[in-house]
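Remarks on the overall topology
The chain contents come next:
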Amino acid sequence: MSPLLCYVICIGISQKISVAQNLPYRMMLTRGCLSFFQNVMMALFFDLRTMIGHAGSTEFDQFWEELDKYFNEVSTAAQERRHGENTFLPFAISVSELRDTITSRLPDNIPIPSTEWIRLQFWPKHPTSNRALQHTGRFKARFAIQQRQLRADHEDSKFAGWQFRLLKEFAIKHRDHCIMFCLDDKAIVPVGNPGLPISTGVRGHNSSITTLQGNSMNALDHDFHLCGLIPSVALKVDQPESVSESFYQGQIHVTLKDKILSPSSPLRHGCEMVNIVRKTYSQNEVYCDKKIMIQYTDGGPDHRTTYGSVWIASILQFAALDLDMFVTARTAPMGSWANPAERCRLLLNLGLQNVALARERMNDDTNEKKIGRAKCLDDVRKLAVAPEFRYDYKESMKPVTDRLNERFTRLKLKGVPVMKNDPATDDDIEQFFSTLTELFDENMKLNQLRMDDIQKSHKVRDFIERHCKATHYVFQIKKCSPDRDENCWYCDLRPTSLLEDVLPSLHFVPDPVLTPDGMHYEPFQSVYGKITTDKDRPSRKKELGASNPRDIEHKIPLVAGKVRTFILCVECGKACVVYSKGTLQAQENIAVRRVCEENVYTCGSSLFLPDSLLYNAVVVREGLNCQSPIEATYYSSKSTAFEQRCFYCGSTQNLVEDDEMEDLRQRYVSVRPLCVECKADGKQAETRGEKNVGKKQRKK
């Protein structure tokens, strides 16, 4: 504290004013007093006067006692908003609001301290700063900013985490012949209409450099937008020599895709990956230099390894780059933070913070009026079917795309500049897909890539049986060994390129296998080269249809009379029945539809968050998992007749309709649908309620 400030405080507390001996000294003292009384310490100064300068005075004891009671009350109530050490709501909005709250709980004429003196009774935010010396620490409370670091957990998190470790050890073992990518799609970057720039939404943690004569940085105060760009990140990992070292190093490739003209799909991602490899990691610009390729993703709808479209996209990458082995793996649900590419968001945010974007005006005013009348994304995509509108819209977005690409290429990851890549066009995707029709099956269609469609193609099905290994979190493709006993049309056409000393040690990436005590997973060296399955995956081991406390606590009976609609699980694609006491109202229907569109529901989870008003009003059965069959109430709904689905896998196609099924319908009251694939796996049609045919015949 400066001597002048000490002198001013002494004058105020002692109430003794000495006359300055000369005019300059008097003017300096006046400026010091004004500076002191105009800042936030003025209220604190009067508090110290009230307490005769003694911070331990009992003047405000009644206020402190009431504040302590209030903290005890809100701490108890806050336990309902806590998980471990996390609190989701603050105790008070501000110190002023806290002061008013405590004042309202006290009788009149009770001394009330200033907000600054209350503030100093808390713990300091930075205990090592000089300001911390002013805090008394009377109450165990402090100022804090909400940190968005809370992670949702899934029962397969540890299993998928160990699977990633096995994948990394595989990449290290074959690092001389392997190329590894981590993929992730970032949040949509909003783009406003002409003259109406919208902020990217990235919170600026640092100030940006602007000219003194320049205009202020402004943007619209709302975030509604139809146009936007999606940055797709592919981190080419430089594999370290040890699994304990960082995998967050290498070359970042960014592809900016228009969310209207270039919607994400497995084929689009696969085509763009082939273009990146041919452009950067291929000497002949056709085949990959390294013959083993690994992809690791967060398992979004375009990377889910249980989808037929993802299988086809993987096979196309394998064939287009003439690889000897291809592995695509994913994180567990709600585990995207484990993907190294997720950390690239921090780097890209540097190029997006304090940025507002708006597209240019279209050349044709008619097209501009059409997009102005559009209410949702589907409306704009319908307009983009017309070639004239599509070209005009693309030109209006080009300056924004170029500007963002330029900003991204100025960023560096550990000294390595970010590389930009062009998004795949519709022609690129068709050419990419032509590999499948030329090599495998000319009858395969671009828009028919479900599991049912794969089963119809004999050549594709034969290739998968010979060369692929599919589990819940990993899909792998590998060429046959040169010393195979039987002929293989694909390997005869494209033999392996790896050296003979590498091939004997090349095996599928193993699955996590529990140790005999069931507490840990076996290390890579113990399981590599052995035949493994994902039988130790917790969600697979879970008892089918296990009861859940929430299902028992539901005030809504989970019966056929309360069935309203259904929602598809993003993991297995099965239908899960939605229940409510009465018919769904308009807002309830919108809320359920929004959950469907966001692709967030999985078997066994609640439909809405606990703080939602619909949490107990619109429910699903939470005792299910992805191995459970379709609920019986799906088939016996009294309010709605749903499409017939296979009882075991939920498929709506290739349902069995033969004499055996007809005979079962004659013998039983209820016969659940069964698809051809499930029947081929040895499953039998589920039946309920045998009819008393014999008794009726005797009565006649």
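Here, residues in each chain are numbered from 1, in the same order as that chain's written sequence. In keeping with the model being predicted, local features are shown solely for residues with a pLDDT of at least 70 and side-chain atom pairs are shown and tallied solely at 80 or more, while totals for entire chains, interfaces and linings include all residues. Processing note: side-chain calculations cover all non-hydrogen atoms of the structure and skip hydrogens and water entirely.

1. Some points on the overall build of the protein
The condition that has to hold: Where helices and strands are cited, they refer to DSSP runs of H or I of at least four residues and of E of at least two residues respectively, numbered from the N terminus. Three exposure classes are used, based on accessible area relative to the maximum for each residue type with a 1.4 Å probe and protein chains only: buried under 20%, partly exposed in between, and exposed over 50%. Two residues form a contact once any of their heavy atoms are found within 4.5 Å. Per-residue and other accessible areas were derived by the Shrake-Rupley procedure at a 1.4 Å probe size, with only the shown protein chains allowed to occlude residues.
Looking only at helices and strands, the protein has 25 helices and 20 strands in total. Here the protein, with 700 residues, has 44% of them falling under the buried criterion. If you take every contact in the protein between residues at least 6 apart in sequence, the share linking residues at least 24 apart comes to 68%. Carbon and sulfur atoms make up 51% of the accessible area of the protein, which amounts to about 39,000 Å² in all.

2. Focus on the packing of helix 9 (residues 308-320) against helix 16 (residues 458-467)
Filter applied, for reference: Interaxial angles span 0 to 180 degrees and are taken between N-to-C directions of axes, which are lines fitted to C-alpha atoms, for helices over the stretch in contact. Angles are sorted into four bins: roughly parallel if under 35 degrees, roughly antiparallel if over 145, roughly perpendicular if 65 to 115, and oblique for all others. Side-chain classes follow a simple rule in which Ala, Val, Leu, Ile, Met, Phe, Trp, Tyr, Cys and Pro form the nonpolar group, Asp, Glu, Lys and Arg form the charged group, and the remainder, Gly included, forms the polar group.
It is the contact of helix 9 with helix 16, at a shortest axis distance of 12 Å, that shows an interaxial angle of 80°. For the element pair helix 9 / helix 16, the angle class is roughly perpendicular. Facing helix 9, whose interface residues are Trp 311, Ile 312, Ile 315 and Phe 318, helix 16 presents Val 460, Phe 463 and Ile 464. Across the contact of helix 9 with helix 16, the residue classes tally to seven nonpolar, no polar and no charged.

3. Details of the pairing of strand 17 (residues 575-580)
Rule in force here: A pair of strands is considered paired only if DSSP assigns at least 2 bridges between the two.
With six of its six residues buried, strand 17 lies for the most part within the structure. Neither face of strand 17 is exposed, since Ala 575, Val 577 and Tyr 579 on one face and Cys 576, Val 578 and Ser 580 on the opposite face are all buried. Sheet topology places strand 16 (residues 563-568) next to strand 17; five bridges connect them, and they run antiparallel. Looking across to strand 17, one finds that Val 563 is bridged to Tyr 579. The hairpin turn running from strand 16 into strand 17, its antiparallel successor, is six residues long, and Gly 573 in that turn takes a positive phi close to 80°. Bridge count for strand 17 against strand 18 (residues 618-620) is three bridges, and the pairing is antiparallel.

4. Regarding the pairing of strand 15 (residues 474-478)
Counting buried residues in strand 15 gives five out of five residues, a clear majority hidden from the surface. The alternating pattern of strand 15 places Val 474, Gln 476 and Lys 478 and Phe 475 and Ile 477 on opposite faces, both of which are buried. Pairing between strand 9 (residues 325-330) and strand 15: five bridges, direction antiparallel. Bridge pairing links Thr 328 to Phe 475 in strand 15. Pairing of strand 14 (residues 468-470) with strand 15, which is carried by three bridges, proceeds in the antiparallel orientation. Bridge pairing in strand 15 links Lys 469 to Gln 476. The hairpin turn running from strand 14 into strand 15, its antiparallel successor, is three residues long.

5. Things to note about the environment of Glu 631
As a reminder, the rule being used: Two N or O atoms form a polar contact when they lie within 3.5 Å of each other; inside protein one atom must be a possible hydrogen donor and the other a possible acceptor, and for residues adjacent in sequence the pair counts only when both atoms belong to side chains.
With respect to the secondary-structure elements, Glu 631 resides in the loop between strand 18 and helix 22 (632-635). If sequence neighbours within four positions are ignored, Glu 631 has contacts with Cys 576, Val 577, Tyr 579, Arg 621 and Leu 624. At 2.7 Å, the side chain of Glu 631 and the side chain of Tyr 579 are in polar contact. Within the structure, the side chain of Glu 631 is placed 3.0 Å from the side chain of Arg 621, a separation counted as a polar contact.

6. Considerations on the confidence of the model for the protein
The condition that has to hold: As a per-residue quantity, pLDDT reports the predictor's confidence and falls between 0 and 100.
Mean pLDDT over the protein works out to 81, with 81% of the residues at or above the 70 mark. Counted against residues more than four places away or in other chains, residues 695-700, with its pLDDT under 50, gives zero contacts.

7. Some remarks on the side chain of Arg 359
Along the chain, Arg 359 turns up in the loop between strand 10 (356-357) and helix 11 (365-373). For Arg 359, the side chain forms a polar contact with the side chain of Glu 368, separated by 2.7 Å.

8. Describing the packing of aromatic side chains
Under the convention used in this document: Side-chain rings of Phe, Tyr and Trp (the six-membered ring for Trp) are treated as a pair once their centres are within 6.5 Å; stacked means planes under 30 degrees apart, edge-to-face means over 60, and tilted covers the remaining angles. Only Lys NZ and Arg CZ are tested; either one counts as a charge over a ring when it is within 6 Å of the ring centre and within 35 degrees of the ring normal.
A full pass over the atoms with the stated rule returns 24 aromatic pairs. Ring geometry for Trp 162 and Tyr 521: centres 6.3 Å apart, planes at 25°, overall stacked. Taken together, the residues Trp 162 in helix 7 (residues 157-173) and Tyr 521 in the loop between helix 17 (489-493) and helix 18 (524-527) connect sequence positions 359 residues apart. The class for Trp 162 is partly exposed, based on a relative accessible area of 23%. Grouped by ring-pair contacts, the aromatic residues Phe 566, Tyr 634, Tyr 635, Phe 642, Phe 647 and Tyr 648 constitute a single cluster. The ring of Phe 247 has Lys 168 sitting right over it, with the charged end atom 5.2 Å from the ring centre. One Lys or Arg, Lys 478, reaches over the ring of Phe 508 and ends 5.5 Å from the middle of that ring.

9. Re the sheet that holds strand 16
Across the sheet, three strands lie side by side as 16-17-18; this open sheet has antiparallel pairing. The strands lining the two open edges of the sheet, one partner per strand, are strand 16 and strand 18. Neighbour-to-neighbour, the strand axes of this sheet turn through a mean angle of 35°, independent of strand direction.

10. Observations regarding the pattern of salt bridges
Heads up, the condition is: Salt bridges are identified by distance alone: a Lys or Arg side-chain nitrogen within 4 Å of an Asp or Glu carboxyl oxygen.
Throughout the structure, instances matching the rule amount to 26 salt bridges. Asp 184 is paired through a salt bridge with Lys 186; the nearest N and O atoms lie 2.8 Å apart. Lys 186 carries the same exposure label as Asp 184, and that label is buried. The salt bridge involving Lys 679 is made with Glu 660; its shortest N-O contact spans 3.4 Å. Here the residue Lys 679 occupies a position in helix 24 (residues 676-680), and Glu 660 occupies one in helix 23 (residues 659-667), the gap between them amounting to 19 residues. Using a relative accessible area of 43% as the deciding quantity, one classes Glu 660 as partly exposed.

11. Some points on helix 8 (residues 266-280)
Applicable threshold: What a helix is expected to span follows from its residue count: subtract one and scale by 1.5 Å.
With 15 residues, helix 8 extends 21 Å between its outermost C-alpha atoms, agreeing within 8% with the 21 Å of an ideal straight helix rising 1.5 Å per residue. Counting buried positions along helix 8 yields 11 of 15 residues, so the element is predominantly enclosed. All buried positions along helix 8 are accounted for by Pro 266, Leu 267, Arg 268, His 269, Gly 270, Cys 271, Glu 272, Met 273, Val 274, Ile 276 and Val 277.

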